[in-house]
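# Notes for the structure review
Letter by letter, the chains look like this.
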Amino acid sequence: MHTPPDAAATLYSPDELPAELTAEPSLIVSDITERTGRALDELLPPAEPALWDEAPRFVHFPWRNALVKIPGPRTFRRLRLDRNRHKLTAAQQSAAGDLRIGIVGLSVGHAISLTLALEGLAGELRLADFDELELTNMNRIPATLMDIHDNKAVIAARRISEIDPYLTTAVYSDGITTENIDEFLDGLDLVVEECDSFDVKVLIREKCRSRGIPVLMETSDGGTLDVERFDLEPDRPLFHGLAGDLRIEDLVGLDRASLTPLAVRVLEPTKVTAPMAASAIELGHTVTAWPQLGGDVLLGGATVAAAVRRLVQGKPLRSGRVRFDRDSWLDGLEDPIGTALPDGGRQAAAASEPLPPQEQPPVEAMSDRELVLHAARRAPSAGNQQPWQITADEDAVTITLDRTRTSTLDVEHRASAVAVGAALYNARIAATARGVLDDIEIVDAAETLAGRARLKGLDTGSRSPEAEAELSALLARGTRRGVGDGSPPSDDDLARLRDAATSDRTRLLALADRADIDRYASIISRSDRARFLTPELHGEMFEELTDDPAAAEGIDVASLDLPPAMAGMFDVLRRADVMALLDEWGGGTALGADAGSRVASSSAVLVLVQRGTSAGDYLRGGIVAEQLWVAAERLGYDVHPMTPTFLYAGDDETARGLSSNHGDELAALRREMLDTWPLDADEAPTIVLRLSRADSPSVVSRRLPTGS
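Before going into details, it helps to say that this report is about the structure given with it. (Residues numbered from 1 in each chain as written. Predicted model: local features only at pLDDT ≥ 70, side-chain atom pairs only at ≥ 80, totals over all residues. Heavy atoms only, no water.)

The helix and strand inventory of the protein stands at 26 helices and 21 strands. For 708 residues, the compact-globule formula gives about 27 Å, and the C-alpha radius of gyration of the protein, at 35 Å, lies well above that figure. The 708 residues of the protein split such that 51% are buried. Taking contacts inside the protein between residues at least 6 apart in sequence as the whole, the part at least 24 apart equals 74%. Only carbon and sulfur atoms are counted for the fraction: they give 51% of the accessible area of the protein, which is about 32400 Å². Counting 74 positive and 114 negative side-chain charges, the protein places the centres of these two groups 2 Å from one another. (Helix = DSSP H or I, 4+ residues; strand = E, 2+ residues; numbered from the N terminus. Rg over C-alpha atoms; globule rule 2.2 N^0.38 Å. Buried < 20%, exposed > 50% of the residue type's maximum accessible area, 1.4 Å probe, protein only. Contact = heavy atoms within 4.5 Å. Areas by Shrake-Rupley, 256 points an atom, 1.4 Å probe, with all protein chains shown as cover. Lys, Arg positive; Asp, Glu negative; His and termini not counted. Charge placed at Lys NZ, Arg CZ, Asp CG, Glu CD.)

Structure, rendered in C-alpha cells:
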C-alpha cells in the first residue's frame, strides 16, 4: 500500500463503524446529513427519488481525530457538484468521475490536484512527491504551519479527502523512481508533471509516450500550459523537441549546471517572463531555487483543470503550449467607454538581409595586389566590425579608418585604430612575402587616419621565404576562446613574446604568475558583468553577435565556444528586460563568471602597452599587436583578446561615462588595474591577449569585401 495510513480518510457504513473508534473520548464527531437533506430537497430539478433512500456513510479523518456523518456517494456527488451544471453536462461530469490522473510534484501539483478535486474532474488521483513541506514552500502551497515537515503528497491527499472522501487518492511518498514508475502509470488516463528534477521529467515522458498517456505541465511562469498528446501522437518528440532528442540515459550524472540550460530551452528562453529568465542566471548565486508566486500556482490549477474539462467535453486539445500571462492581460486593459490604451509604440525590429558567403581563390593563384588586399582584410577587429575602408591602386594598398563605425567602448576610435594597424601589418607582410613592398606610411590628420603599404614592381618581385612563413601564419590566425589547461609558458616563450612586442614605442606586460592571472580574471569578470548590465553596452554587445554563418561581419555565436550552461542560456542573456531585473536585484555575478574562468585557465595574459594616445599611436600599437598575436600562435598558444570594458578610457571620468548605471564601478576597476600594473604617464594599454593551451578550433571570421 503506497498511501500512508495517516493520509487517507476511511469510509464506513453505519453498521461497520468500529466500536473502539466511537468509544474514543477525544474523538470529534459531527453530522452534516441534516443540512444536506434540506439542500437535497431544494435542488432544481428535483433529485431522483433513489437519492433519498441512499444510506449515509461515516468518514474518519485520523489526522484530525474527527468522524463525520455524510450523505452516501451518489447523493454527496450530486450535491457537491450541483453548481457545475451548465458548465458540464451530467454525462460529462460522469465521464470526469471515471478519470484516473497522476500528478507528480505537489508544490504546483497541490493547487492542480485541489482544483481537479473541487471540480470533480477525477475519480482517482495518484499523488507523487518525496519532499516534505518547509516554511519556504508556504508562499505557494495552501497548507498550514501544522503541516510543516509532513510529506507534500500526504498533505494534498488529506486536503482532497476533506473535500471529497469518495475520491480515491493514492500517495507515492517516495516520489517517482525507475522502480515504481510503471506501477504509478498503470491504468492512468492522464499525467500532470510538475516535478523539479529534469531527469524525472524526461523519464515520465518517455514512459508516457510508450504507453500512449497524454502529459500536461503548468510552469507557473506567465501562466504557461504545456500539452503533449502522446495518446494521439505516439512518435511526438519529448518537450516538442525543444531540447533535442532527449533520452533518460543522456542525463545520468549531469549536475544542475548542466541540466539548467536544458530546462531553460524547454521553457523557451525568449518567451519566459523576465523575472524567471533572470532567476535562471542567478540560480546558485542569489537564489537557491526557481521562483514561484502563489497566485501563479493557483492559476496553474485553473488552467490544468480547464484542459481536463476539454478532454471530458470532447473538445479539441492538441499538443502545444499556451500562455495565460496575467501581466500581459493587464497591460491590455481597455476602457469600455473609451478607446484601448496605447501599447507604448513598441515596434518589431526589422531583420537585415545577410550578406552572401564570400569565395576566395587560393593564395598562390592571387596576384600580388590581390594577396595584399586579402591579407589586410584578414586582420582582427573588435567585434569583427572591420572598421576600415581598404582600397588599392597601382601603387599602394590603403587602409582608412571608417569613422562611421562607432561603439561606446571604442573611445575616440581607439580600438578601431588598433584594427587598422593590424591590417597594415598584414599588408606589409604580404607585400614583403611577394617582394613588392616599397615602404609603409601612416596618415594621422585631423579627419583621416590611414595606413598605406606602398608597392613596387607588382607581380615581378622576388619572394621572401621568411615573410612567406609569417604570411602563412597570419592568414591562418584566428581567435580561439576555449578553456585552457593553465600550464605556464616557458621562459624562452616569454622572451620571444617580449621580442615580438617590443619596439621604440611599445612594451609588454606578461602576466604569467598565477596570482596576477587570477587578479586579472577578477577584474575582467566584474567588467563583463557591468557590460551586461549596462543597457547601451548590452545592446551593442549582442549587435556584434550573429548566428548567420553567411554573415560577413560580426562574431559568429558558434565561435564563442560557450560552455553548455551558458550556451543554453544564450537567448536569456540577450534579453534587455532580464538584464534590467538582474541590475535591480543587485545580481548578475554569473554574467562575468565565464570570462573570469577563461582567464583563470590561461597560461598567461599579455598586456601590450604603447607610448602616446593619439590615433596614430594606437595604429602603431595595432601593428605590434598583430605581430604579437601571430608570434604567440606560432609558439603553439591559443590567442583570445580579452580587453576589459574600460580599456580605451584615458581617465576615470571617461570610464565612468561608459555606463549609465555602473560608471563608478568601471572607473574603480580601471584604477584597480593601473594600481596593480602601473604604467608610465605617457603610456596607454593597446590590447590584452589571453594565451592558453586548449583544443578549441581556430575561428577565421568572414570579412566584408574591399573597395576597388
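Further notes follow.
Next up on the list: the side chain of Thr-115. By the secondary structure assignment, Thr-115 is in helix H6 (residues 108–118). Judged by relative accessible area, Thr-115 falls into the buried class, the value being 14%. A polar atom in the side chain of Thr-115 sits 2.7 Å from the backbone oxygen of Ala-111. Leave out the neighbours within four places in its chain, and Thr-115 touches Gly-301, Ala-302 and Ala-305. (Polar contact = N/O pair within 3.5 Å; in protein donor to acceptor, adjacent residues only side chain to side chain.)

Once that is clear, we can look at the packing of helix H18 (residues 514–533) against helix H26 (residues 663–676). Any two packed helices are characterised by how steeply their axes cross, that is the angle between the axes, and by the distance between the axes. Contact pair H18 / H26: the axes reach a minimum separation of 10 Å and the direction vectors enclose 165°. Put simply, H18 runs roughly antiparallel to H26. Crossing angle aside, the handedness with which H18 passes H26 is left-handed. Where H18 approaches H26, its residues Arg-519, Tyr-520, Ile-523, Arg-526, Ser-527, Arg-529 and Ala-530 are matched on the opposing element by Glu-665, Leu-666, Leu-669, Glu-672, Met-673 and Thr-676. Of the residues assigned to the contact of H18 with H26, the class counts are six nonpolar, two polar and five charged. (Axes fitted to C-alpha atoms, helices over the stretch in contact; angles between N-to-C directions. Parallel < 35°, antiparallel > 145°, perpendicular 65-115°, else oblique. Left-handed = near helix turned anticlockwise from the far one by under 90°. Nonpolar A, V, L, I, M, F, W, Y, C, P; charged D, E, K, R; others polar.)

Turning our attention to the nonpolar core. By size, the foremost hydrophobic cluster in this structure holds 71 residues, and its most contacted members are Trp-388, Ile-399, Leu-471, Leu-474, Tyr-520, Val-599 and Phe-646. In terms of residue count, the dominant contributor to this core is helix H15 (residues 414–433) (14 residues). Beyond its immediate chain neighbours, meaning those up to four positions away, Phe-646 contacts Ile-523, Ser-527, Ala-655, Leu-658, Leu-666, Leu-669, Arg-670 and Met-673. Counting 35 residues, the second largest nonpolar core, distinct from the first, contains Ala-7, Leu-121, Ala-122 and Leu-127. (Core = buried A, V, L, I, M, F, W, Y, C linked by side-chain atoms within 4.5 Å.)

Right, let's get into the sheet that holds strand E19 (residues 604–611). What the four strands build is an open sheet, ordered E16-E19-E21-E20; its pairing is antiparallel. Two strands lie at the open edges of the sheet, namely strand E16 (506–511) and strand E20 (638–641), each paired on one side alone. Going from strand to strand, the sheet's axes swing by 30° on average, the running direction of each strand aside. When E19 meets strand E21 (residues 683–692), the two strands line up antiparallel, connected through eight bridges. Directly across from Val-609, in E21, lies its bridge partner Pro-685. (Pairing = 2+ DSSP bridges.)

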